[in-house]
Amino acid sequence: MYALVQHFKNGLEYSSEKDNVQQDFGWVDVPVGPLSMPVEHLTANIEAVVQSVCKHRPAKLGPFITVASLTCPPSNEKIAVDVLEFQPRVAEEDDDDDEEEENVKKTA
């Protein structure tokens, strides 16, 4: 029980590693739950991880995560995950503000 409380108190740590071949890319290896967990909970965990990782880059620069996959050891199979729906988006209000600023600059 103590370990469970500490896990919820401290959260989950993850680290990222840079790809050796494509220097602009990297990966994060983090568990999201056991196969016995309900799909809704797994989805919520994936969303939480994606949101946490995306906090390290401004949303205005576009999607931070371009490819994601799930694996279940000991199998080597990978299941593609569409994480675009979980990534933060720039609010339309922010886009409108940027357009207004550009229009002001053009007229000045």
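Structure first, text after, so check above.
This write-up is about the structure you can find in this document.

1. Some points on the overall build of the protein
Moving on, step 1. Helix and strand content of the protein: three helices and four strands.
Moving on, step 2. Ordered by position from N to C terminus, the α and β elements of the protein give α-β-β-α-β-β-α.
Moving on, step 3. Of all 108 residues assigned to the protein, the portion counted as buried reaches 13%.
Moving on, step 4. Excluding contacts between residues fewer than 6 apart, the proportion of contacts in the protein whose partners are at least 24 apart in sequence is 32%.

2. Side note on helix α2 (residues 39–54)
Moving on, step 1. Relative to the 22 Å expected for 16 residues at 1.5 Å per residue, α2 spans 22 Å between its end C-alpha atoms, a close match to the ideal helical length.
Moving on, step 2. The set of residues buried in α2 consists of Leu42, Ile46, Val49, Val50, Val53 and Cys54. Down the axis, α2 shows its buried residues gathered within 130° of arc, on one side only.
Moving on, step 3. On its buried side, α2 packs onto β3 (69–71).

3. So, the nonpolar core
Moving on, step 1. Ranked by size, the top nonpolar core spans twelve residues in total: Val30, Val32, Leu42, Ile46, Val49, Val50, Val53, Cys54, Ile65, Val81, Val83 and Phe86.
Moving on, step 2. Each residue touching phenylalanine 86, except ones within four places of it in the same chain, is listed here: Thr43, Ile46, Glu47, Val50 and Gln51.

4. Thoughts on the environment of threonine 43
Moving on, step 1. Positionally, threonine 43 belongs in helix α2.
Moving on, step 2. Taking the C-alpha atoms as reference points, threonine 43 and glycine 33, separated by ten residues in sequence, lie 9.7 Å from one another.

5. So, the side chain of glutamine 87
Moving on, step 1. Among the secondary structure elements, glutamine 87 is positioned in the loop between β4 (78–80) and α3 (92–107).
Moving on, step 2. Contacts of glutamine 87, omitting those with residues within four sequence positions, involve Val50, Gln51, Cys54, Pro63, Phe64 and Ile65.

How each quantity is defined
- Residues numbered from 1 in each chain as written.
- Predicted model: local features only at pLDDT ≥ 70, side-chain atom pairs only at ≥ 80, totals over all residues.
- Heavy atoms only, no water.
- Helix = DSSP H or I, 4+ residues; strand = E, 2+ residues; numbered from the N terminus.
- Buried < 20%, exposed > 50% of the residue type's maximum accessible area, 1.4 Å probe, protein only.
- Contact = heavy atoms within 4.5 Å.
- Expected span 1.5 Å × (residues − 1).
- Arc of directions from axis to C-beta.
- Core = buried A, V, L, I, M, F, W, Y, C linked by side-chain atoms within 4.5 Å.

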